[in-house]
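# Structure at a glance
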There are 2 protein chains.
Amino acid sequence: MKYPTGVKKNHQKEVYHGNRGMALEDDINTTNEYYLQNNIAVIHKKPTPITIKKVDYPSRLEAVIREAYFKIPSTTDYNGIYKGKYIDFEAKETRHSYFPLANIHKHQIEHLKKIIKHGGIGFIIVRFSALSETYYLGANELFTFLENSTRKSIPKEYFSEYGHLLKEKYSPRLDYLAIIDKIYFEGE
Amino acid sequence: MKYPTGVKKNHQKEVYHGNRGMALEDDINTTNEYYLQNNIAVIHKKPTPITIKKVDYPSRLEAVIREAYFKIPSTTDYNGIYKGKYIDFEAKETRHSYFPLANIHKHQIEHLKKIIKHGGIGFIIVRFSALSETYYLGANELFTFLENSTRKSIPKEYFSEYGHLLKEKYSPRLDYLAIIDKIYFEGE
């Protein structure tokens, strides 16, 4: 089975915790935990989708998966609720100075389009590791680029111009909801 | 590792497809697929949460999970968006004429409480297999029972009185959004 983009990172998080590629995911999970503990929002990362083929039962109460395969995700990795609004996003890291579109599956783009259509808040969070810069890019700004460009990657400049830089703080680590407040709840 | 309630069903769906215990999950997945295809709502089942311990790489593009364990879910199984509203629910089957509360984890109840607190629509869908009756029970009605009873199970009568019977149709198989329309969007 072909190896879905991003999945390797997901399982490596489990196997070798805290490896460099997982820094963004760790930051977002820490941030979501902060939001949860402080009753700000309920946003979770979805488990990695897998297909289980073989399970052993050493005992009636134990189950060990002995053969399973990674599935290509049909949705984004994160969703939840904030101020009554449905939140949905994907987070990716790249060491390039541009964001390769191969990092996001077509059906994840289609998923984000449906979310926006149904009145949800959709976006992507992209970290340019080599530059230690992390950006929030609204789904509509992502769609605009895809509809008006034939490029296979989004230059970092597009993020700095049409997205929002996410400054890393102590806590919450990556306060992306502050951006959502600015865009959707300003003046409330 | 202790075997989390409900998880066995989840993996069995993958291993022995369509076994009796999975009938409700299949009905809900079919219904959600109908909602998705007809642009009615975007509601997905979350993947079964697992902890991966060992992965083999027969080739650079292949990955086979060789050792993994089921994790107790920290949220409900289903969430998504409908008419701009965040939707969140858990679905369970029982062969008893009552619903054993052991079928729902405490943290899933806590999760549903947070969802309601943040303005989402939360509920449970329970099928009494032996009677072929499936009910929608709003999260608040669930909380009310838990706060006013010391019982370890909810009698079916509570579902018929405070919940809503979900009639099975050809398509959509289990139209639970019709109940949500009645409760939340009547007259819109």
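Note that the structure is a prediction, hence the values are computed from the model and not measured.

## Overview of the sheet that holds strand 2 (residues 50-56) of chain A
Pairing in this open sheet of 4 strands is antiparallel, and the strands run 2(A)-3(A)-3(B)-2(B) from one edge to the other. Strands with a single pairing partner mark the edges of an open sheet, and in this sheet they are strand 2 of chain A together with strand 2 (50-56) of chain B. Strand after strand, the sheet turns through a mean of 30° between neighbouring axes, direction not considered. As paired elements, strand 2 of chain A and strand 3 (residues 64-70) of chain A share 6 bridges and run antiparallel to each other.

## Regarding the sheet that holds strand 8 (residues 133-138) of chain B
Residue and element names in this part refer to chain B. Taken together, 6 strands build an open sheet; the order of strands is 1-4-5-7-8-10 and the sheet is mixed. The strands lining the two open edges of the sheet, one partner per strand, are strand 1 (42-45) and strand 10 (164-165). The sheet contact formed by strand 5 (residues 85-94) and strand 7 (residues 121-128) spans 8 bridges and is parallel. Bridging from a neighbouring strand, Lys92 pairs with Val126 of strand 7. Where helix 6 (residues 176-184) meets the sheet, its contacts fall on strand 1, strand 4 (78-82), strand 5, strand 7, strand 8 and strand 10, and the angle it forms with strand 7 comes to roughly 135°.

## Description of unusual backbone geometry
Here the bond from Ser171(A) into Pro172(A) is cis, since omega is -5°, no more than 30 degrees from zero. By the element assignment, Pro172(A) lies in the loop between strand 10 (164-165) and helix 6 (176-184).

## Concerning helix 4 (residues 139-148) of chain A
Residue and element names in this part refer to chain A. Residues of helix 4 that are buried include every one of Ala139, Leu142, Phe143 and Phe145, and no others. Projected down its long axis, helix 4 carries its buried residues within an arc of 160°, all on one side. Residues of helix 4 that are exposed and point more than 90 degrees away from the buried face comprise Glu147 and Asn148. Elements in contact with the buried residues of helix 4: helix 3 (106-117), strand 7 (121-128), strand 8 (133-138), strand 9 (153-155) and helix 5 (156-162).

## A look at the environment of Ala130(A)
Residues and elements named next belong to chain A. With respect to the helices, strands and loops of the structure, Ala130 is situated in the loop between strand 7 and strand 8. Accessibility expressed as a relative area gives 54% for Ala130, which makes it exposed. Remark: the alpha-carbon pair of Ala130 and Thr76, spanning 54 residues in sequence, is separated by 24 Å. Residue contacts for Ala130: discarding those within four places in its chain leaves Thr94 and Arg95.

## Topic: the interface of chain A and chain B
Listed per partner, the contact involves 47 residues of chain A and 48 residues of chain B. In total, about 4200 Å² of surface goes out of reach between chain A and chain B, with carbon and sulfur atoms giving 63% of it. Among the residues of chain A in contact with chain B, Ile65(A), Ile81(A) and His118(A) are the three that bury the most area, contributing 15% of the side total. Here chain A and chain B share 0 salt bridges between them. The interface formed by chain A and chain B includes 5 residue pairs in polar contact (both at pLDDT 80 or more). If you list the elements that add at least two residues to the side of chain A that touches chain B, you get helix 1 (7-15), strand 1 (42-45), strand 2, strand 3, strand 4 (78-82) and helix 3 of chain A. Per-element accounting of the side of chain A that touches chain B gives the leading share, 7 residues, to strand 3 of chain A. Two elements, strand 3 of chain A and strand 3 (residues 64-70) of chain B, share 2 bridges in a ladder whose sense is antiparallel. Residue pairing in the sheet places Ile65(A) in a bridge with Ala68(B) of strand 3 of chain B.

## Focus: the packing of helix 3 (residues 106-117) of chain B against helix 4 (residues 139-148) of chain B
Residue and element names in this part refer to chain B. Packing of helix 3 against helix 4 brings their axes to within 10 Å, and their N-to-C directions diverge by 130°. One element, helix 3, and the other, helix 4, form an angle in the oblique class. Crossing hand, helix 3 versus helix 4: left-handed. Taking contact as the criterion, the partners of Ile109, Leu112, Lys113 and Ile116 in helix 3 are, on helix 4, Ala139, Asn140, Leu142, Phe143 and Leu146. Grouping the amino acids of the contact of helix 3 with helix 4 by side-chain chemistry returns 7 nonpolar, 1 polar and 1 charged.

## Examining the packing of aromatic side chains
Scanning the model with the defined rule gives 29 aromatic pairs over all chains in all. Both rings, one in Phe145(A) and one in Tyr158(A), keep their centres 5.0 Å apart while their planes meet at 65°; by these two values the pair is edge-to-face. In this pair, Phe145(A) is assigned in helix 4 and Tyr158(A) in helix 5, connecting sequence segments 13 residues apart. The exposure classification of Phe145(A) matches that of Tyr158(A), with both residues buried. Between the aromatic rings of Tyr82(B) and Phe185(B), the centroid separation amounts to 5.7 Å while the plane-to-plane angle is 90°, which identifies the pairing as edge-to-face. With Tyr82(B) in strand 4 and Phe185(B) in the segment after helix 6, the pair connects residues that are 103 residues apart, well separated along the chain. Feature note: the residues Tyr34(A), Tyr35(A), Tyr78(A), Phe89(A), Phe123(A), Tyr136(A) and Tyr176(A) constitute an aromatic cluster, connected by ring pairs. Over the ring of Phe185(A) we find Lys83(A); its NZ or CZ atom is 4.8 Å from the centre of that ring.

What counts as what
Residues numbered from 1 in each chain as written. Chains lettered and ligands numbered in written order. Predicted model: local features only at pLDDT ≥ 70, side-chain atom pairs only at ≥ 80, totals over all residues. Heavy atoms only, no water. Pairing = 2+ DSSP bridges. Helix = DSSP H or I, 4+ residues; strand = E, 2+ residues; numbered from the N terminus. Axes fitted to C-alpha atoms, helices over the stretch in contact; angles between N-to-C directions. Contact = heavy atoms within 4.5 Å. Buried < 20%, exposed > 50% of the residue type's maximum accessible area, 1.4 Å probe, protein only. Arc of directions from axis to C-beta. Buried area = accessible area lost by both parts, 1.4 Å probe. Salt bridge = Lys/Arg side-chain N within 4 Å of Asp/Glu carboxyl O. Polar contact = N/O pair within 3.5 Å; in protein donor to acceptor, adjacent residues only side chain to side chain. Parallel < 35°, antiparallel > 145°, perpendicular 65-115°, else oblique. Left-handed = near helix turned anticlockwise from the far one by under 90°. Nonpolar A, V, L, I, M, F, W, Y, C, P; charged D, E, K, R; others polar. Phe/Tyr/Trp six-rings, centres within 6.5 Å; stacked < 30°, edge-to-face > 60°. Lys NZ or Arg CZ within 6 Å of the ring centre and 35° of its normal.

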